[in-house]
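Residue-level structure breakdown
Spelled out from the first residue to the last, the chains are:
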Amino acid sequence: MTERLYFNTDQLNTSTSVISCSPSDNGQFAVVLQATLFHPQGGGQPADVGMIGPANVLHVQQDGEMVVHMTDQAVAAGEIFIEVSAGPRQLHARLHSAGHLLGYCGEQYGWKAVKGHHWPGEARVVFEATATAQAIDIETIAAQAHTLLLRNLPRKIIQDEHQRMISFGDLPATCCGGTHVASLVQIGKIKIVKIKQKKELLSIHYTVEELP
Ligand SMILES: [Zn+2]
């Protein structure tokens, strides 16, 4: 079982140890660490990239309780320095946190957030209608999200042995394994690209603007 350090820290580098490194069919190497800062692809969030010792991390995936890092070269067993690339991680955390915020906003209109996909260029939150579902227009929800963002609520991580819950300030907590900004203004400005409704399903598509 890989210890998932990113659950509890925003730190981007540390020392850990290589448990195994084996060649893969595609010419890459599958590296398992004792502990990792790399978020694997999953839960609507792309994998982190970065370095494990001298090797580039090209992809990160889950294999049961293990996190498997795909690298471009082999690494030796034993202690090693790892570093997650800051740029992609920050963007993923901003998009992911924006998804939580928009999920909360949509729920104020009687829509239940059921799915988040937080990939750059295709980020969206999908909702199912409840009995009280009302129409949502882009300007209203964008303004509401922005007002909430300016409250700059701090991230809260509540972890017990069964699950990890994420909330911002007093907003409702949701079960989530992703990475998030430390407080809401770090998301930066959210732009709602479009809102699509198909019968009982509604999706809000969004981007986050480049930070100044
Ligand atoms: Zn999350």
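Residues numbered from 1 in each chain as written. Predicted model: local features only at pLDDT ≥ 70, side-chain atom pairs only at ≥ 80, totals over all residues. Heavy atoms only, no water.

We now examine the coordination of the zinc ion. At the metal site, the zinc ion is ligated by His96 (NE2), His100 (NE2), Cys176 (SG) and His180 (NE2), and these contacts range over 2.0 to 2.1 Å. Angles of 99 to 128° at the metal separate the four donor atoms of the zinc ion, which places the site in the tetrahedral class. When the donor residues of the zinc ion are listed from N- to C-terminus, their spacing reads H-x3-H-x75-C-x3-H. Here the residue histidine 100 occupies a position in helix α1 (residues 86–107), and histidine 180 occupies one in the loop between β13 (174–175) and β14 (190–198), the gap between them amounting to 80 residues. A residue is classified by how much of its surface remains accessible, and histidine 100, at 18% relative accessible area, is buried. (Donors = N, O, S within 2.8 Å, 3.2 Å for Na, K, Ca; no water. Tetrahedral: all angles 85-135°; square planar, octahedral: opposite > 155°, others 65-115°. Helix = DSSP H or I, 4+ residues; strand = E, 2+ residues; numbered from the N terminus. Buried < 20%, exposed > 50% of the residue type's maximum accessible area, 1.4 Å probe, protein only.)

Turning next to the nonpolar core. Core analysis: the largest hydrophobic core is formed by 28 residues, its most contacted members being Leu101, Leu102, Ile187, Ile190 and Tyr206. Those elements that provide at least two residues to this core are α1, β10 (124–129), α2 (138–150), β14 and β15 (201–208). Here this core gets six residues from one element, more than from any other, and that element is α1. When neighbours within four sequence positions are excluded, isoleucine 187 is seen to be in contact with Arg94, Ser97, Ala98, Leu101, Leu149, Val181 and Val208. Within the second largest apolar cluster, 15 residues are counted, among which are Ile52, Val57, Val60 and Ile82. (Core = buried A, V, L, I, M, F, W, Y, C linked by side-chain atoms within 4.5 Å. Contact = heavy atoms within 4.5 Å.)

This part is about the pairing of strand β8 (residues 78–84). In this sheet, β8 lies alongside strand β2 (residues 13–23) in antiparallel orientation, the contact comprising six bridges. Opposite valine 18, over in β8, you have glycine 78 as the bridge partner. Alignment of strand β5 (residues 50–52) against β8, held across three bridges, turns out to be antiparallel. For glycine 50, the partnering residue across the bridge sits in β8 and is valine 84. (Pairing = 2+ DSSP bridges.)

Moving on, we get to the environment of cysteine 176. Secondary-structure assignment places cysteine 176 in the loop between β13 and β14. The class of cysteine 176 is buried, set by a relative accessible area of 13%. Those residues in contact with cysteine 176 that lie beyond four places of it in its chain are His96, His100, Arg164 and Ile166.

In spatial order, the strands read β2-β3-β7-β6-β5-β8; together these six strands close into a barrel with antiparallel pairing. Within the sheet, the average angular offset between the axes of one strand and its neighbour, ignoring direction, is 45°. Bridge count for strand β6 (residues 55–63) against strand β7 (residues 66–71) is six bridges, and the pairing is antiparallel. Directly across from histidine 59, in β7, lies its bridge partner methionine 70. (Axes fitted to C-alpha atoms, helices over the stretch in contact; angles between N-to-C directions.)

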